[in-house]
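Analysis of the macromolecular model
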Amino acid sequence: MDFLNALVQGLLIGGLYALFATGLSLMFGVMRIVNLAHGDLAVVASFLALALISGTGLPLWFVLVVTVPLFALLGYLTQRVLLQKSLKSGPLATLLVTFGLSIVLQNVLLEVFSADTRTLDGGSFATGSFKLTDSISIGYLSLATFVLAVGVLTGIQLFLSRTGLGRMLRASSDDRETANLVGGDSRHIYGIATAIAFATVAIAGLMFAMRSSFDPSIGPSRLIFAFEAVVIGGLGSLWGTLLGGIVLGVTQSVGAQIDPALTLLAGHLIFLAVLAFRPQGLIAGRKA
Amino acid sequence: MTLSETLTSRAAAAVDVSRAARSSKLSALVMLAAAVTLGALPFLVFAKVTDTLVNLFVLIALASMWNLLAGFGGLVSVGQQAYIGIGAYSVIAFADQGVQPYLAVLLAAVTCAVFAVPTSWLAFRLRGDYFAVGTWVIAEVYRLLVVRVDSLGGASGKSLSGLSGIDQTLRGALTYWIALGLALASVAAGYLLLRGRLGLSLMAVRDEETAASSVGIDVRRAKRLVYLVSAAGCGAAGGVITVSSLSVNPDAIFSVQWSAYMIFIVVIGGIGFIEGPLLGAVVFFALQQLLSDYGSWYLVLLGAVGMAAALWLPRGLWGVVRDRTGLSLFPVGYFVRTRAADVDSH
């Protein structure tokens, strides 16, 4: 029954991985940018929330409500000011710019907040749980995170398929020049995509912060989770990303059940296995 | 003689095609003198200076290897720390078997090339940005596998055996020479590789892969070869890091920070020029020394300067030098000059 429990816990954390990976998937799908600062941005969100709570004493829910739109705005600006320019200089430039951003964010956080490990106190909600059976207990936070993740993914999917802006976004991702010809301003559309990506990163970053401890250097390993979820699920498919996140979460959780030291390795190995035997991902969306 | 033959012979007579830039012979002499001076340095300056220079030489070697990979091979990797780590641990393992640690540095390069073969099968399934992150995951896998080996010290690392018998001054000098040798060899290897057939193939692949393969270049073979050379070079650099620091820590040696160093040194110096990593490493090293009292702010500056270079100076500092002066220390292309005076005589 321990394995069943591991499976359930893995499924729940998989939802969070998927939520976190959505931004990476969206930015790659629309702009062909792999944002190497993705993980560090989540850590910035964690530290921002921590600083707001300890500095102002505001309640947690209020901080969450403030941080997410703030990140969306930040995302829009980052795209318009920084990334748009790099897109013109070719794929190497976007990689370098996001990697540079990652190094800058990591080290600024290190200087400002020191290398100490922190946690965001989510109160009784974060630690409480209910028993499903004798051996399976589900944390309120885990469940809420999973529900939120699926909700956000559904929301983005509806936005992309039902709204005019969403259709324009997909059009831009298929063929930027033609989308521009029929009246789409690709710069604005790219800004919107990045804003959505940053908002999801902020939500995921705050959820990570409540679940586990964090420090300024943890961003890159978070980025790797997101990347693995995207590749396992299949590029360019949101539901693929959800599946990828769940597969990654379950693998890590089952690996940890066998030997706690295997947690990360199990996740990486399933990723490499998918790479070797099914490079298009479990749900093939669009070719890379 | 038909008109076209006349024109062809005239054109052939009117231009000179040569490898060397005008300045190349002089600059080769200057560089030789510089190499000899650097080689004699342990006899001339305090050990503190040569110990610091070891770090510079390692950076030059690493950056040259990344430049070969990304600047000429078009393989933008963020996972070369895999080979730095494997190289470092190879030296530890060989030394434990009784191999002389300095000799083990060479074996580390070979070990890394061997590891790079199966790794390239996996990594080459990914393209572009996904290749970059994929190589990073592979480096993480190597780190997680290494820390599971108890005889290699597990998660806390291990110290190097086999050098304790050597006098400290001599050890410092030997380490310095082997680091200098590594830096010179990595620059020379890049230069010699790129002058040959491989260089032409690689640059064709980098500029337009489909076109290159359509004119008969075996793209995968060219890329794999450059990947193996780069792995070997990074492995040797990892070995030098170990004989210099006398111990290895898995988190530090497999850190993605090495990739940050390599990438930004090359981008600031000038990607796709053999001179780029040299210049970039000197700039980075100076920055690191100047800001050594200010914690990790030099990394913030490095990241910011790297971003700025990627956006506004895609050919790096050496690109600027070259545009202004036409200087080329390591010409890997061809120079075409017209002989204006000869044209009239035909």
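As the structure is a prediction and not an experimental result, all values here were calculated from the model.

In this section: the overall build of chain B. Along chain B, the regular secondary structure elements total 16 helices and four strands. For 346 residues, the compact-globule estimate of 2.2 N^0.38 gives 20 Å, and chain B sits close to it at 22 Å. Its C-alpha atoms give chain B principal-axis dimensions of roughly 80 × 50 × 40 Å. Relative to its full complement of 346 residues, chain B shows a buried share of 51%. A fraction of 82% describes how many contacts in chain B between residues 6 or more apart in sequence connect residues 24 or more apart. Once the 23 positive and 18 negative side-chain charges of chain B are each reduced to a mean point, those two points are 4 Å apart.

Further remarks concern the overall build of chain A. A tally of helices and strands in chain A yields twelve helices and two strands. Along chain A, helices (α) and strands (β) appear in the sequence α-α-α-α-α-β-β-α-α-α-α-α-α-α when read from the amino end. Its C-alpha atoms give chain A a radius of gyration of 19 Å, near enough to 19 Å, the size a compact globule of 288 residues would have. Sorting the 288 residues of chain A into buried and exposed places 55% on the buried side. Counting only contacts in chain A whose residues sit at least 6 apart along the sequence, the fraction spanning at least 24 positions is 74%.

Side chains that differ in sign of charge can pair as their charged atoms come close. All names here are of chain B. Under the definition given, this model contains seven salt bridges over all chains. Note that Asp 251 is salt-bridged to Arg 143, the shortest N-O span being 3.1 Å. In this pair, Asp 251 is assigned in helix 11 (residues 250-253) and Arg 143 in helix 6 (residues 128-146), connecting sequence segments 108 residues apart. Under the relative-accessibility criterion, Asp 251 is labelled partly exposed at 46%. For Arg 143, a relative accessible area of 16% gives the class buried.

To continue, consider the interface of chain A and chain B. Think of interface size as the accessible area that goes away when the parts come together; that is how it is often given. Contact with chain A, which involves 45 residues of that partner, is made by 37 residues of chain B. Our count for the contact surface shared by chain A and chain B stands at one salt bridge. Between Asp259(A) and Arg148(B) there is a salt bridge, and its shortest N-O distance comes to 3.4 Å. Between chain A and chain B we count four residue pairs in polar contact (both at pLDDT 80 or more) in total. Breaking the side of chain A that touches chain B down by element, the ones donating at least two residues are helix 3 (60-88), helix 4 (91-113), helix 10 (219-233) and helix 12 (263-277) of chain A. With 16 residues, helix 4 of chain A is the largest single contributor of residues to the side of chain A that touches chain B. Each residue belonging to the side of chain A that touches chain B can be placed in one class, and the counts come to 34 nonpolar, six polar and five charged.

Residues and elements named next belong to chain B. Here helix 12 (residues 257-269) crosses helix 14 (residues 297-312) at 45°, and the two axes come no closer than 9 Å. Considering their axes alone, helix 12 and helix 14 lie oblique with respect to each other. The two elements helix 12 and helix 14 cross, and the hand of that crossing is left-handed. Between helix 12, through Gln 257, Ala 260, Tyr 261, Phe 264, Val 267 and Ile 268, and helix 14, the contact on the second element is made entirely by Tyr 298, Leu 299, Leu 302, Val 305, Gly 306, Met 307, Ala 309 and Ala 310.

Per-chain confidence: chain B averages 86 in pLDDT, with 92% of residues scoring 70 or above. Within chain B, the element-level pLDDT minimum falls on helix 16 (residues 340-345) of chain B, averaging 46, and the maximum on helix 4 (residues 81-96) of chain B, averaging 95.

All right, on to the UniProt feature "transmembrane region" (unreviewed entry) in chain B then. All names here are of chain B. With numbering matched to this structure, UniProt assigns "transmembrane region" (unreviewed entry) to residues 26-46, 53-72, 102-124, 174-194, 225-248, 260-287 and 294-313. Segment residues 225-248 splits into 88% helix and 8% strand. End C-alpha atoms: 28 Å apart. Annotation note: span residues 294-313, helix share 80%, strand share 0%, distance between end C-alpha atoms 27 Å.

A word on the nonpolar core. By size, the foremost hydrophobic cluster in this structure holds 202 residues, and its most contacted members are Phe99(A), Leu120(A), Tyr83(B) and Tyr130(B). Examining the composition of this core, we find that 17 residues originate from one element, helix 9 (residues 186-211) of chain A, more than from any other. Among residues more than four places away in sequence, those in contact with Phe99(A) are Leu36(A), Val78(B), Val256(B), Ser259(B), Ala260(B), Ile263(B) and Phe264(B).

Let us look at the UniProt feature "transmembrane region" (unreviewed entry) in chain A. As annotated in UniProt, the feature "transmembrane region" (unreviewed entry) corresponds to residues 6-26, 59-78, 90-110, 138-160, 189-211, 223-248 and 260-277 of chain A in the numbering used here. Here residues 90-110 of chain A is 95% helix and 0% strand, with 31 Å between the C-alpha atoms at its ends.

All right, on to the environment of Arg127(B) then. Summarising the element assignment, Arg127(B) is placed in the loop between helix 5 (101-123) and helix 6. Separated by 142 residues in sequence, Arg127(B) and Gly269(B) place their C-alpha atoms 25 Å apart.

The next thing to look at is unusual backbone geometry. Excluding glycine, most residues fall at negative phi; most peptide bonds, likewise, are trans. Of note, the phi angle at Arg32(A) is positive, near 60°, even though the residue is not glycine. Taking relative accessible area as the criterion, Arg32(A) reaches 36% and is therefore assigned partly exposed. The backbone of Leu246(B) sits at a positive phi, close to 65°, despite the residue not being glycine. Structurally, Leu246(B) is set in the loop between helix 10 (219-245) and strand 3 (247-248). Leu246(B) sits in the partly exposed class, given a relative accessible area of 26%.

This part covers a nonpolar patch on the surface. A grouping of Phe43(B), Leu44(B), Val45(B), Phe46(B), Val49(B) and Trp177(B) is seen on the molecular surface, where their side chains present a nonpolar patch of about 660 Å² in accessible area. As for its position among the elements, Leu44(B) is in helix 2 (residues 24-44).

Sizing a probe to match a water molecule and rolling it over the atoms shows the empty space that remains. Residue and element names in this part refer to chain B. Applying the stated criterion across every chain, the model contains four cavities of 30 Å³ or more. If you add up the space inside the largest cavity, you get close to 70 Å³. For the lining of the largest cavity, the elements supplying multiple residues, two or more each, are helix 3 (47-72) and helix 7 (168-195). Looking at the lining of the largest cavity element by element, the count peaks at five residues for helix 7.

Another point: helix 2 (residues 38-56) of chain A. Residue and element names in this part refer to chain A. Taking 1.5 Å per residue, 19 residues should reach 27 Å; helix 2 reaches 27 Å between its end C-alpha atoms and fits that length. Taken together, the buried positions of helix 2 are His 38, Gly 39, Asp 40, Leu 41, Ala 42, Val 43, Val 44, Ala 45, Ser 46, Phe 47, Ala 49 and Leu 50. Contacts from the buried residues of helix 2 go to helix 1 (2-31), helix 3, helix 4, helix 9 and helix 10. Remark: Gly 57 follows helix 2 within two positions and exhibits a positive phi of approximately 70°.

Residues and elements named next belong to chain B. With the rule as written, the count across this model stands at 21 aromatic pairs over all chains. Plain terms: the ring middles of Phe 115 and Tyr 142 are 5.8 Å apart, the flat faces sit at 85° to each other, and that makes the pair edge-to-face. Of this pair, Phe 115 sits in helix 5 while Tyr 142 is found in helix 6, placing the two residues 27 residues apart along the sequence. Overall, the relative accessible area of 34% leaves Phe 115 in the partly exposed class.

Here is what the cut-offs are and how they apply
Residues numbered from 1 in each chain as written. Chains lettered and ligands numbered in written order. Predicted model: local features only at pLDDT ≥ 70, side-chain atom pairs only at ≥ 80, totals over all residues. Heavy atoms only, no water. Helix = DSSP H or I, 4+ residues; strand = E, 2+ residues; numbered from the N terminus. Rg over C-alpha atoms; globule rule 2.2 N^0.38 Å. Buried < 20%, exposed > 50% of the residue type's maximum accessible area, 1.4 Å probe, protein only. Contact = heavy atoms within 4.5 Å. Lys, Arg positive; Asp, Glu negative; His and termini not counted. Charge placed at Lys NZ, Arg CZ, Asp CG, Glu CD. Salt bridge = Lys/Arg side-chain N within 4 Å of Asp/Glu carboxyl O. Polar contact = N/O pair within 3.5 Å; in protein donor to acceptor, adjacent residues only side chain to side chain. Nonpolar A, V, L, I, M, F, W, Y, C, P; charged D, E, K, R; others polar. Axes fitted to C-alpha atoms, helices over the stretch in contact; angles between N-to-C directions. Parallel < 35°, antiparallel > 145°, perpendicular 65-115°, else oblique. Left-handed = near helix turned anticlockwise from the far one by under 90°. pLDDT = per-residue confidence, 0-100. UniProt positions renumbered as here; feature names shortened; annotations may be inferred. Core = buried A, V, L, I, M, F, W, Y, C linked by side-chain atoms within 4.5 Å. Patch = residues over 30% accessible without salt bridge, like charges linked within 9 Å, V, L, I, M, F, W, Y side chains within 5 Å. Areas by Shrake-Rupley, 256 points an atom, 1.4 Å probe, with all protein chains shown as cover. 1 Å grid on protein atoms, 1.4 Å probe; cavity = no way out; pocket = protein on both sides within 12 Å on 5 of 7 lines; lining within 4 Å. Points joined across faces, edges and corners; volume = space filled by probe spheres on them. Expected span 1.5 Å × (residues − 1). Phe/Tyr/Trp six-rings, centres within 6.5 Å; stacked < 30°, edge-to-face > 60°.

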